[in-house]
Amino acid sequence: MSDKILNLKINYDSVLIRMGANKHKTKIDDNIKTSILESIEFSKKLLNPKYAVSFADKKIKDGKILLDDFIIESKDILKLLEKSDSVYAIAATIGSRLDDKIDLLTAEKKLMLSYIYDAIGSVAVEELVDNICLDIRLKITGHSGICTRRFSPGYGDWPVKNQKELLSWIGAAKIGIVLSESFQMFPRKSVSAIFGIEK
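Procedures and definitions
- Residues numbered from 1 in each chain as written.
- Predicted model: local features only at pLDDT ≥ 70, side-chain atom pairs only at ≥ 80, totals over all residues.
- Heavy atoms only, no water.
- Helix = DSSP H or I, 4+ residues; strand = E, 2+ residues; numbered from the N terminus.
- Buried < 20%, exposed > 50% of the residue type's maximum accessible area, 1.4 Å probe, protein only.
- Pairing = 2+ DSSP bridges.
- Patch = residues over 30% accessible without salt bridge, like charges linked within 9 Å, V, L, I, M, F, W, Y side chains within 5 Å.
- Areas by Shrake-Rupley, 256 points an atom, 1.4 Å probe, with all protein chains shown as cover.
- Salt bridge = Lys/Arg side-chain N within 4 Å of Asp/Glu carboxyl O.
- Lys, Arg positive; Asp, Glu negative; His and termini not counted.
- Charge placed at Lys NZ, Arg CZ, Asp CG, Glu CD.
- 1 Å grid on protein atoms, 1.4 Å probe; cavity = no way out; pocket = protein on both sides within 12 Å on 5 of 7 lines; lining within 4 Å.
- Points joined across faces, edges and corners; volume = space filled by probe spheres on them.
- Nonpolar A, V, L, I, M, F, W, Y, C, P; charged D, E, K, R; others polar.

Undergrad: Describe in detail the environment of I132, supporting the description with residues and values.
TA: Examined against the element boundaries, I132 turns out to sit in helix α6 (residues 111-141). Along the sequence, I132 and E38 sit 94 residues apart, while their C-alpha atoms lie 26 Å from each other.

Here it is in structure tokens:
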């Protein structure tokens, strides 16, 4: 795994946005700002970022996308990958220690801190996924290509039940991601998605 991908910065402004604040309009109390900054620094000790990637040449048959033995039936994804020759799938997680911290803070009724850490976790896993996509794009096309937007089960016309097959194709169990009967990923701060690269 690349150290560059796993080196997460966690931007303060991004955490504010995730918390629903507008950095230009929302007045942030000094105590809250200090809590956010301190929580960002402490959270870095809790992160255990991991990821897995799978890819295949795009093949289409009868309106279905064939990726090895993984089949996707979605008009939204067909449109998304229209200009892409290959399809990439990623699963990423920052581990369960931050989940445990959030649960502990909630149990202790420290709801503001719990909210802050939840926002930090969301920002961290999104940054991890962004880093992965950028790394793949640069390796495949240098600076000439662009990534399509990412698409996950449960969005558009791609049923959330397809999460199980997607995670299996990626090999997400190897990085500790498991799926509940209601298709929720654990650790909670985990992401799965597919995307294409347009050269």
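Undergrad: Provide a residue-level description of the pairing of strand β5 (residues 86-93), including the pertinent values.
TA: Most of β5 sits inside the fold, with eight of its eight residues counted as buried. Side chains S86, Y88, I90 and A92 of β5 all project onto a buried face; the interleaved residues V87, A89, A91 and T93 project onto the opposite face, where all are buried too. Where strand β1 (residues 50-57) and β5 come together, eight bridges link them in antiparallel fashion. Paired with F55 across the two strands is Y88, which belongs to β5. The sheet contact formed by β5 and strand β9 (residues 190-198) spans seven bridges and is antiparallel. Among the inter-strand pairings, A91 is bridged to a residue of β9, identified as S192.

Undergrad: Explain a negative patch on the surface to me, using residue names and the numbers behind them.
TA: Where like charges cluster on the molecular surface, the negative patch consists of D57, D68, D69 and D85. Tracing the backbone through its elements, the reader meets D57 in strand β1.

Undergrad: Describe in detail the layout of surface pockets, supporting the description with residues and values.
TA: Considering only enclosed or pocket space, the largest pocket measures out at about 470 Å³ in volume. Those elements giving two or more residues to the lining of the largest pocket turn out to be α6 and β9. In terms of residue count, β9 provides more of the lining of the largest pocket than any other element does, four residues in total. Here the residues of the lining of the largest pocket sort into nine nonpolar, six polar and six charged.

Undergrad: Which residues make up unusual backbone geometry, and what are the values?
TA: The phi torsion of most residues other than glycine is negative, and most of the peptide bonds are trans. Residue P187 is bonded to the preceding F186 through a cis peptide linkage, with omega at 0°. Looking at the secondary structure, you find P187 in the loop between β8 (185-186) and β9. With a phi close to 55°, D68 is a non-glycine residue in the positive phi region. Here the phi dihedral of K109 falls at roughly 65°; this positive angle occurs in a residue that is not glycine. Classification of K109 by relative accessible area gives exposed; the value is 68%.

Undergrad: How would you summarise the pattern of salt bridges if you had to cite specific residues and measurements?
TA: Side-chain pairs of opposite charge can arise whenever the charged atoms involved come near each other. Taken as a whole and assessed by the stated rule, the structure comprises eight salt bridges. Of the charged contacts in the structure, one is a salt bridge between E41 and K44, with a shortest N-O distance of 3.3 Å. E41 gets classed as partly exposed once you look at its relative accessible area, which sits at 47%. With a shortest N-O distance of 3.1 Å, D135 and K139 are connected by a salt bridge. Residue D135 and its partner K139 are both found in helix α6; the two are separated by four residues, about one turn of the helix.

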